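# Structural overview
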Amino acid sequence: MAKTVIPFGPQHPVLPEPLQLKLVLEDDVVVEAIPAIGYVHRGLEKLTELKDYEQSVYIVERVCGICSFMHSMAYTRGIESIMNIQIPQRAEYIRTILAEIARVQSHLLWLGLLADSFGFESLFMETWRYREDILDIMEMITGNRVIISANKVGGVTKDFTDEHIKFILDTINRLEEKIKDVENVFLNNYTVKQRLAGIGILTPEDARELGALGPIAKGSGIPLDLRTTGYSAYKYLDFEPIVDNHCDSYGRTVVRIKEIYQSFQLIRQAISKLPSGEIFIPVKGLPNGEVISRLEQPRGEAIYYIKTNGTKTLSRLKIRTPTFANIPTLLKMLPGSRLQDVPVIVLTIDPCISCTER
Amino acid sequence: MANMLNIVLKNFLKKPKTRLYPLKERDSFERTRHKIHFETADCIHCGICQRKCPADAIKVNRAEKIWELNAYRCIICGECVNVCPKKCITMLNKRRDVAENKKYISIKKVD
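Residues numbered from 1 in each chain as written. Chains lettered and ligands numbered in written order. Predicted model: local features only at pLDDT ≥ 70, side-chain atom pairs only at ≥ 80, totals over all residues. Heavy atoms only, no water.

### Things to note about the pattern of salt bridges
When the charged atoms of two side chains lie near each other, side chains of opposite charge can form a pair. All names here are of chain A. Put simply, the rule reads: Every case where a carboxyl oxygen of Asp or Glu lies within 4 Å of a side-chain nitrogen of Lys or Arg is listed as a salt bridge. To qualify as a helix, a DSSP run of H or I must reach at least 4 residues; to qualify as a strand, a run of E must reach at least 2; elements of each kind are numbered from the N terminus. Throughout this description, buried means an accessible area under 20% of the type-specific maximum (1.4 Å probe, protein chains only), exposed means over 50%, and partly exposed covers the range between.
Enumeration according to the criterion identifies 28 salt bridges over all chains in this entry. Glu132 serves as the salt-bridge partner of Arg145, at 3.0 Å between the closest nitrogen and oxygen. Here Arg145 is found in the loop between helix 5 (121-142) and strand 4 (151-152), whereas its partner Glu132 is found in helix 5, with 13 residues between them in sequence. By relative accessible area, which is 32% here, Glu132 ends up partly exposed. Put simply, Glu176 and Arg268 hold a salt bridge, and the shortest N to O gap is 2.6 Å. With Glu176 in helix 6 (residues 162-188) and Arg268 in helix 10 (residues 249-273), the pair connects residues that are 92 residues apart, well separated along the chain.

### Quick word on the UniProt feature "binding site: Ni(2+)" (unreviewed entry) in chain A
Residue and element names in this part refer to chain A. For clarity, the threshold we go by: UniProt positions are given in the numbering used here, feature names are shortened, and annotations may be inferred rather than shown by experiment. Should any heavy atoms of two residues lie within 4.5 Å, those residues are considered in contact.
UniProt feature "binding site: Ni(2+)" (unreviewed entry): in the numbering of this structure it lies at Cys64, Cys67 and Cys352. With the annotated positions falling across 289 residues, the maximum pairwise C-alpha distance of 9.7 Å places them together in a single cluster. With respect to the element layout, Cys64 can be found in the loop between helix 2 (56-61) and helix 3 (68-82). Setting aside its immediate chain neighbours within four residues, Cys64 contacts His71, Cys352 and Cys355. Residue Cys67 is classed as buried on the basis of its relative accessible area of 1%. Non-local contacts of Cys67, meaning those with residues more than four positions away in its chain, are made with Gln297, Pro298, Arg299 and Cys355.

### Here we look at unusual backbone geometry
Positive phi values are uncommon outside glycine, yet Asp350 of chain A reaches one of about 55°. Checked against the element boundaries, Asp350 of chain A lands in the loop between helix 12 (342-348) and helix 13 (353-357). The exposure class assigned to Asp350 of chain A is buried, which follows from its relative accessible area of 2%. One non-glycine residue, Asp56 of chain B, adopts positive backbone phi at about 55°. Looking at where Asp56 of chain B falls in the secondary structure, it is placed in the loop between helix 2 (48-52) and strand 2 (58-61).

### Thoughts on the packing of helix 4 (residues 89-117) of chain A against helix 5 of chain A
Residues and elements named next belong to chain A. Definition in use: Angles here are taken between N-to-C directions and fall from 0 to 180 degrees, while the axes themselves are lines fitted to C-alpha atoms, restricted in helices to the stretch in contact. Here is the rule for angles: anything less than 35 degrees is roughly parallel, anything more than 145 is roughly antiparallel, 65 through 115 is roughly perpendicular, and the remaining ranges are oblique. Should the near helix be turned anticlockwise from the far one by less than a right angle, the crossing is left-handed, and should it be turned clockwise, the crossing is right-handed. In the scheme used here, Gly and all other residues not listed as nonpolar or charged are polar, with Ala, Val, Leu, Ile, Met, Phe, Trp, Tyr, Cys and Pro taken as nonpolar and Asp, Glu, Lys and Arg as charged.
At a minimum axis distance of 8 Å, the contact between helix 4 and helix 5 shows a crossing angle of 160°. Here helix 4 lies roughly antiparallel to helix 5, going by the angle between them. Crossing handedness for the pair helix 4 and helix 5: left-handed. Across the contact of helix 4 with helix 5, the residue classes break down as 18 nonpolar, four polar and three charged.

### Notes on the packing of aromatic side chains
All names here are of chain A. The condition that has to hold: Note on aromatic pairs: the rings of Phe, Tyr and Trp (six-membered ring only in Trp) are paired at centre separations within 6.5 Å, and the planes decide the class, stacked below 30 degrees, edge-to-face beyond 60, tilted for the rest.
Taken as a whole, this structure holds six aromatic pairs over all chains when the rule is applied. Measuring from centroid to centroid gives 5.7 Å for Tyr93 and Tyr236, while their planes differ by 10°, and the two rings are stacked. Of this pair, Tyr93 sits in helix 4 while Tyr236 sits in the loop between helix 9 (214-219) and helix 10, and the two are 143 residues apart along the sequence. Judged by relative accessible area, Tyr93 falls into the buried class, the value being 4%. Judged by its relative accessible area of 33%, Tyr236 falls in the partly exposed class.

### Points about the UniProt feature "binding site: Fe cation" (unreviewed entry) in chain A
Residue and element names in this part refer to chain A. Under the present numbering, the feature "binding site: Fe cation" (unreviewed entry) in UniProt falls on Cys67 and Cys355. Inspection of the secondary structure puts Cys355 in helix 13. Given the relative accessible area of 2%, Cys355 is considered buried. Beyond its immediate sequence surroundings of up to four residues, Cys355 is in contact with Arg42, Val63, Cys64, Cys67, His71 and Thr321.

### Regarding the side chain of Asp225 of chain A
Residue and element names in this part refer to chain A. Rules: Here a polar contact is taken to be a pair of N or O atoms separated by no more than 3.5 Å, where protein atoms must pair a possible hydrogen donor with a possible acceptor and residues adjacent in sequence count only if both atoms sit in side chains.
Mapped onto the elements of the fold, Asp225 is located in the loop between helix 9 and helix 10. Side-chain polar atoms of Asp225 contact the side chain of Arg227, separated by 2.9 Å. Apart from the residues within four sequence positions on either side, Asp225 is in contact with Lys218, Pro241, Glu259 and Glu296.

Pasting the structure below:
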């Protein structure tokens with residue numbers, strides 16, 4: 001049969017970000033997908049070689065518009081380990097709580113986008129309305145909704161008051177009830193299930209071989225979660241990585257919904273153990289050395305390679321974001337699927353292209 | 001079906017989720033970062049805010065006692081507010097007005 005090539009993106013209604021996939025089709029079945037990235041390269045890695053290492057916190061925050069807090073967390077943790085700084089324990093806990101709040105908002109955003117990708121507008125709006133409550137927490141504590149600028153080399157800039165803690169607990173208790181309604185639609189509704197179950201299959205062997213990360217690996221039955229290594233305050237918290245054995249789009253949805261509940265649990269645990277004391281220690285001297293800093297973002301593991309030479313600026317910063325590592329798994333999932341399922345499959349890896357291209 | 005009717009009836013009786021924006025504005029939180037405010041009276045024009053600003057949005061001219069802010073470059077991170085030794089720069093939680101032009105906001109100290 002004759003083959004047709006359809007360019008999917010860089011401008012496409014379902015993807016706000018410029019990822020291009022050249023889809024080779026036979027009838028309406030995808031035979032091959034060829035990716036092309038490079039439409040939103042901004043040169044942020046190079047910019048850190050021109051700015052002060054403390055100013056670069058604000059640059060790496062702008063790598064991603066969704067998991068921005070975790071980018072700055074990976075960077076500051078890297079610089080702190082080069083300079084041998086032990087930050088106060090309260091700061092570690094505050095970072096952990098803010099990271100989990102950021103994870104919840106990212107997963108809610110993704111659930112909304114997924115609903116939008118199969119044309120369920122009201123579910124999309126409902127999910128994003130819940131996300132607004134999470135963003136209110138961020139705004140109340142740090143003063144901004146997404147790019148919160150709460151990290152600093154040596155600790156955090158914003159402290160929690162009793163009023164904030166009460167607000168966080170009230171909000172997550174209220175949201176937990178509401179998200180159960182949405183969960184019911186995502187996991188049990190007949191129409192939604194038809195669009196997710198059996199679509200975009202990735203076997204555990206393929207996931208392992210192609211280096212799948214985050215919810216994609218967990219949705220294929222691999223318990224891969226960097227938080228279990230116990231960085232920051234995770235070593236004091238009790239949790240197990242969430243795994244699902246469906247190995248398809250449905251499995252990845254299950255993982256992300258369960259991770260929202262897990263994050264709520266982690267926030268509650270961290271708040272109950274929150275120590276008192278300082279949130280910041282002054283930093284003296286300049287960093288000299290190199291380090292690899294890793295942490296678990298909503299989409300998977302991010303790797304920061306930081307090299308400094310004892311001057312104010314960095315000599316090299318290299319960021320490997322989870323989406324970049326997940327693109328090969330996407331190319332494995334697409335062949336054999338039908339054209340109408342392509343948007344859903346692309347969304348299940350939660351692509352963040354501006355992250356990938358920095 | 002009964003469940004759906006229930007939801008529809010509930011939604012009829014509920015308050016609307018949105019607000020009538022120009023008439024009713026959203027309240028900001030105490031820490032919300034909206035606008036940089038500068039008081040020239042105590043300023044010593046030391047230039048620390050200029051050096052610390054990650055976006056190069058602030059210009060300080062010590063000789064002529066001028067403090068300038070480019071609102072289009074400013075990312076409202078609050079670094080200048082934290083480092084100012086005389087606490088001349090403050091963060092307001094009121095919304096920023098619409099700019100008339102893209103020039104620097106220039107404030108000159110008059111003795």
